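So the chains spell out like this:
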Amino acid sequence: LCQVFLGAPKITVPKIDIPLNIAGKAYLGDAVVDAPTVSEPVAPAAKPTAPAPVVSGADGEVVPIYRTKPKYPRSAARRGLEGVVTISFTITKTGGVRGASVIRATPKNVFDKAALKAIMKWKFQPKLVNGQPVERQATQEIKFKLN
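Residues numbered from 1 in each chain as written. Predicted model: local features only at pLDDT ≥ 70, side-chain atom pairs only at ≥ 80, totals over all residues. Heavy atoms only, no water.

### Considerations on the side chain of aspartate 112
Here is step 1 of the chain: Mapped onto the fold, aspartate 112 is located in helix α2 (residues 112-119).
Here is step 2 of the chain: Here aspartate 112 sits buried without a salt bridge, and the closest side chain of opposite charge, lysine 108, lies 8.9 Å off (N-O distance).
Here is step 3 of the chain: From its side chain, aspartate 112 meets the backbone nitrogen of asparagine 109 in a polar contact 3.4 Å long. (Helix = DSSP H or I, 4+ residues; strand = E, 2+ residues; numbered from the N terminus. Buried < 20%, exposed > 50% of the residue type's maximum accessible area, 1.4 Å probe, protein only. Lys, Arg positive; Asp, Glu negative; His and termini not counted. Salt bridge = Lys/Arg side-chain N within 4 Å of Asp/Glu carboxyl O. Polar contact = N/O pair within 3.5 Å; in protein donor to acceptor, adjacent residues only side chain to side chain.)

Printed below as a string of structure tokens:
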């Protein structure tokens, strides 16, 4: 018995609201991740774009130039779970992320992997001290919310 399926499958993608205005602190603010709804049709995912250029950033500002949206875990969405993950990490001299770790998560071990996987792909404008890039610590809170 052979079945043939025509057309693209209907999938849903979470909506993520990540604040873009960062003002002078190493804390990046809150990011809210909405769970997918079953009835929402979604167009095929676009390929990630290159990091956006940064026009300016005062010394001391944490300036993200590229952010990858975390995926809302399917099992959490099915169970109706919402949560918050706070991540501590190092912004490298080249603007990459190193040493990301969960410092707080509610509920524990539900959204941790999705948040860590996404933040490891983020890029930042390096901090300059006396014209030289230096590493710095930062913290990001990501909120996972159902629609």
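### Observations regarding unusual backbone geometry
Here is step 1 of the chain: Note the cis peptide between threonine 106 and proline 107, where omega equals -10°.
Here is step 2 of the chain: Looking at the secondary structure, you find proline 107 in the loop between β5 (97-106) and α2.
Here is step 3 of the chain: We note that asparagine 109 has phi near 60°; this positive angle belongs to a residue other than glycine.
Here is step 4 of the chain: Considering the arrangement of structural elements, one finds asparagine 109 in the loop between β5 and α2.
Here is step 5 of the chain: Judged by relative accessible area, asparagine 109 falls into the exposed class, the value being 67%.
Here is step 6 of the chain: With a phi angle near 55°, asparagine 130 is a residue other than glycine that sits in the positive phi range.
Here is step 7 of the chain: Among the structural elements, asparagine 130 can be located in the loop between β7 (127-129) and β8 (132-134).

Note that every value here comes from positions in space, so none of it alone points to a role or purpose.
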